[in-house]
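# Overview (structure and organization)
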Amino acid sequence: MIDEPAQTLSDLAQRLATRLLPDLQTTYSQADAALISGLMLGLAQDYERAVDNRMRDINEINEIFRSLGNEVPGAVERSAFMDQAPSSLHLTDVNTLHAQGMELLIQLHAWAESADDTLNRQIWQLLHRHCERNRFDITGG
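Residues numbered from 1 in each chain as written. Predicted model: local features only at pLDDT ≥ 70, side-chain atom pairs only at ≥ 80, totals over all residues. Heavy atoms only, no water.

### Things to note about the overall build of the chain
From N to C terminus, the chain includes five helices and zero strands. Over its C-alpha atoms the chain spans a radius of gyration of 20 Å, topping by over 25% the 14 Å that the globule rule assigns to 141 residues. Every one of the 141 residues in the chain was classed for burial, and the buried ones make up 33%. Within the chain, counting contacts between residues at least 6 apart in sequence, those at least 24 apart form 61% of the total. Carbon together with sulfur atoms contributes 55% to the accessible area of the chain, which is approximately 9,300 Å² in total. (Helix = DSSP H or I, 4+ residues; strand = E, 2+ residues; numbered from the N terminus. Rg over C-alpha atoms; globule rule 2.2 N^0.38 Å. Buried < 20%, exposed > 50% of the residue type's maximum accessible area, 1.4 Å probe, protein only. Contact = heavy atoms within 4.5 Å. Areas by Shrake-Rupley, 256 points an atom, 1.4 Å probe, with all protein chains shown as cover.)

### Section: the pattern of salt bridges
Within the structure shown, the criterion is met by nine salt bridges. The residue arginine 54 makes a salt bridge to aspartate 46 at a minimum N-O spacing of 3.6 Å. For the pair formed by arginine 54 and aspartate 46, the shared burial category is buried. With a closest N to O distance of 3.0 Å, arginine 56 and aspartate 52 form a salt bridge. Here aspartate 52 and arginine 56 lie together in helix H2 (residues 27-66), a separation of four residues that amounts to about one turn. With a relative accessible area of 40%, aspartate 52 lands in the partly exposed category. Each of Asp57, Glu60, Arg129 and Arg133 takes part in a single network of salt bridges with overlapping partners. (Salt bridge = Lys/Arg side-chain N within 4 Å of Asp/Glu carboxyl O.)

### A few points about the side chain of arginine 78
By the element assignment, arginine 78 lies in helix H3 (residues 75-82). It is glutamate 77 that comes nearest to the buried, bridge-free arginine 78 among opposite-charge side chains, at 6.3 Å. Within the structure, arginine 78 has its side chain in polar contact with the backbone oxygen of valine 72 (distance 3.2 Å). Contacts of arginine 78, omitting those with residues within four sequence positions, involve Phe65, Leu68, Gly69, Val72, Pro73, Leu104 and Leu108. (Lys, Arg positive; Asp, Glu negative; His and termini not counted. Polar contact = N/O pair within 3.5 Å; in protein donor to acceptor, adjacent residues only side chain to side chain.)

### Structural notes on the packing of H2 against H3
Angle between the axes and distance between the axes: these two values describe a pair of packed helices. Packing of H2 against H3 brings their axes to within 10 Å, and their N-to-C directions diverge by 135°. Taken together, the axes of H2 and H3 are oblique relative to one another. As for how H2 packs across H3, the hand of that crossing is left-handed. Note on element contacts: H3 touches H2 through Arg78, Phe81 and Met82, opposite Ile58, Ile61, Asn62, Phe65 and Arg66. Split by residue class, the contact of H2 with H3 holds five nonpolar, one polar and two charged. (Axes fitted to C-alpha atoms, helices over the stretch in contact; angles between N-to-C directions. Parallel < 35°, antiparallel > 145°, perpendicular 65-115°, else oblique. Left-handed = near helix turned anticlockwise from the far one by under 90°. Nonpolar A, V, L, I, M, F, W, Y, C, P; charged D, E, K, R; others polar.)

Here it is as structure tokens:
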């Protein structure tokens, strides 16, 4: 068992960037190693927050869905979504439910852009929070 997977990924990425990358002879190899290091740092960050961030999105999507009446298109689908929970807290299962919610949110947003300015703004605010939660903070080396 790896007790701290995010820290382990981060340590490996740093080692790749600081120890191996400088010894590589070609520009291609250096760029490839830098890309791999950056991706590993991103994976480390996402590992720590993935389930929590997706569950926050799901909860916020449900809040918006609960505030809507049946006259808004997609009521049946939204109701079915709100009755669900991920089948486990494995990232794959959470991702599946999250994708369903985002798909319904996109459909709702397409309608709201021309039919409900308040709802349109609420969805944009949710999407902004989603982006901020999932932003990668990776500094260049």
